[in-house]
Amino acid sequence: MKLALLSDIHANIQGMDACLSHARANGAKQFALLGDLVGYGADPVAVVQRAQELQNAGAWLIKGNHDDLAVNPPAVARTLGDSTAAWTHAQLSPAQRQFLDTLPMTRKSGGMLLVHASACEPATWPYVYEEEAAIDCLAAAAQMPGVKQVFVGHVHHQTLFSTALDVPVEKYEVTPGVPIKLAPPNHWLATIGSAGQPRDGNPLAMYALYDTETHVLNFQRVKYDHLLAAEAIRAAGLPLWLAQRLEVGR
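Numbering of residues begins from 1 in every chain and follows the order in which that chain's sequence is written. Residue-level local features of this predicted model are given only where pLDDT is at least 70; pairs of side-chain atoms are given and counted only at 80 or more, and the full residue set underlies all totals for whole chains, interfaces and linings. Side-chain figures throughout are based on the complete set of non-hydrogen atoms in the structure, without hydrogens or water.

Novice: Residue-level account of the nonpolar core, with values.
Specialist: Throughout, nonpolar core names a set of buried Ala, Val, Leu, Ile, Met, Phe, Trp, Tyr and Cys residues whose side chains join them through atoms within 4.5 Å. Note on exposure labels: buried denotes an accessible area under 20% of the residue type's maximum, exposed denotes more than 50%, and partly exposed covers the range between, all computed with a 1.4 Å probe on protein chains only. Formed by 41 residues in total, the largest nonpolar core has its most connected members in M16, L33, L37 and L100. We count a stretch as a helix when DSSP gives it H or I for four or more residues in a row; a strand needs E for two or more, and each element gets its number in order from the N terminus. Per element, the largest residue contribution to this core is 6 residues, and it comes from helix 1 (residues 13-25). Two residues qualify as a contact provided that any one of their heavy atoms is within 4.5 Å of a heavy atom in the partner residue. Apart from the residues within four sequence positions on either side, L100 is in contact with L37, V38, V48, K63, D67, A70, V71 and L92. L5, A32, I192 and Y210 belong to the second-largest nonpolar core, a separate cluster that totals 19 residues.

This is the structure:
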């Protein structure tokens, strides 16, 4: 079965729909959304509606930190992450906020663990950028029987880490479209990137396809109308820098 993994959509319906369409065209039968459906972008209502439709069709959904912020926005915005929380909260209906609030922090399926930030203290939203954080994540996942592959979002980059018994964690730079076999006995950790706000200087949306039978992972980049998504941010009256970063992939 081909599983499409999307994360960090950030209220970007154009990026989300482009990734979903690409995944279906490439044989995806199961979908997983790894959090941060909302925040930053101009279309939280449309994205949550699409996520609910996917969940009703059997997709797996995980809560992200921006989903949590949208439900419980801070009284005073102190971080970039806080900057659109109150606006997003106001756009969503009470039922949509309840939907976000009740999303689980993790999901285990077979040998896979899905989580937004890290298997290590997921509710504190740690970032897995480098080997040290990957070690903590994989060590926490190893306490869960049978888990061999961990898929996370949160960092808006596509990276792969691997470890085996008595072997230090290795970090791999990945090439979209090039399949990678997540072979035993190694344990694997993949950060799947952002479908709605890439930050590597490339505006193409990110997601990943994973074959649960062959254990082949394929990172993907997808063209979408990022200029339309940026214009929607301007039209909504959100901070201009949010539109500008979509235009340049930052």
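After that view, the rundown keeps rolling.
Novice: Now, about the environment of Y129: what can you tell me, with residues and values included?
Specialist: Counting through the fold element by element, Y129 comes out in the loop between strand 5 (112-115) and helix 6 (131-142). The spacing of Y129 and K171 is 42 residues in sequence and 9.6 Å in space, taken between C-alpha atoms. Those residues in contact with Y129 that sit more than four places away from it in its chain are V155, H157, F161 and K171.

Novice: Please give an account of the pairing of strand 5 that cites residues and values.
Specialist: Alternating positions in strand 5 separate into two faces, M112 and L114 on one and L113 and V115 on the other, with burial throughout. Where strand 4 (residues 106-109) and strand 5 come together, 4 bridges link them in antiparallel fashion. Bridge assignment links K108 to a residue of strand 5, and that residue is L113. Each pair of strands is called paired provided DSSP finds at least two bridges between the two strands. Here strand 4 hands over to strand 5 after 2 residues, with G110 in that stretch at a positive phi of 60°. For strand 5 and strand 6 (residues 149-152), the ladder comprises 3 bridges, and the chain directions are parallel. Paired with M112 across the strands is Q149, a residue of strand 6. We call a crossover right-handed when, viewed with both strands directed away from the observer, the connection leading from the first strand over the helix to the second proceeds clockwise. Once the chain exits strand 5 it traverses helix 6 before rejoining the sheet at strand 6, and the crossover so formed is right-handed.

Novice: Break down the packing of aromatic side chains for me, citing the residues and quoting the values.
Specialist: Any pair of Phe, Tyr and Trp rings, taking the six-membered ring for Trp, is counted once the centres come within 6.5 Å. Such a pair is stacked with planes under 30 degrees apart, edge-to-face with planes over 60 apart, and tilted for the rest. Scanning all chains against the criterion turns up 4 aromatic pairs. Ring centres 5.6 Å apart and planes at 10° place the aromatic pair Y127 and Y129 in the stacked group. By relative accessible area, which is 39% here, Y129 ends up partly exposed. Taken together, a centroid distance of 5.0 Å and an interplanar angle of 55° make the contact between F151 and Y210 tilted. Here Y210 lies in strand 11 (residues 205-211) and F151 lies in strand 6, a separation of 59 residues in the sequence.

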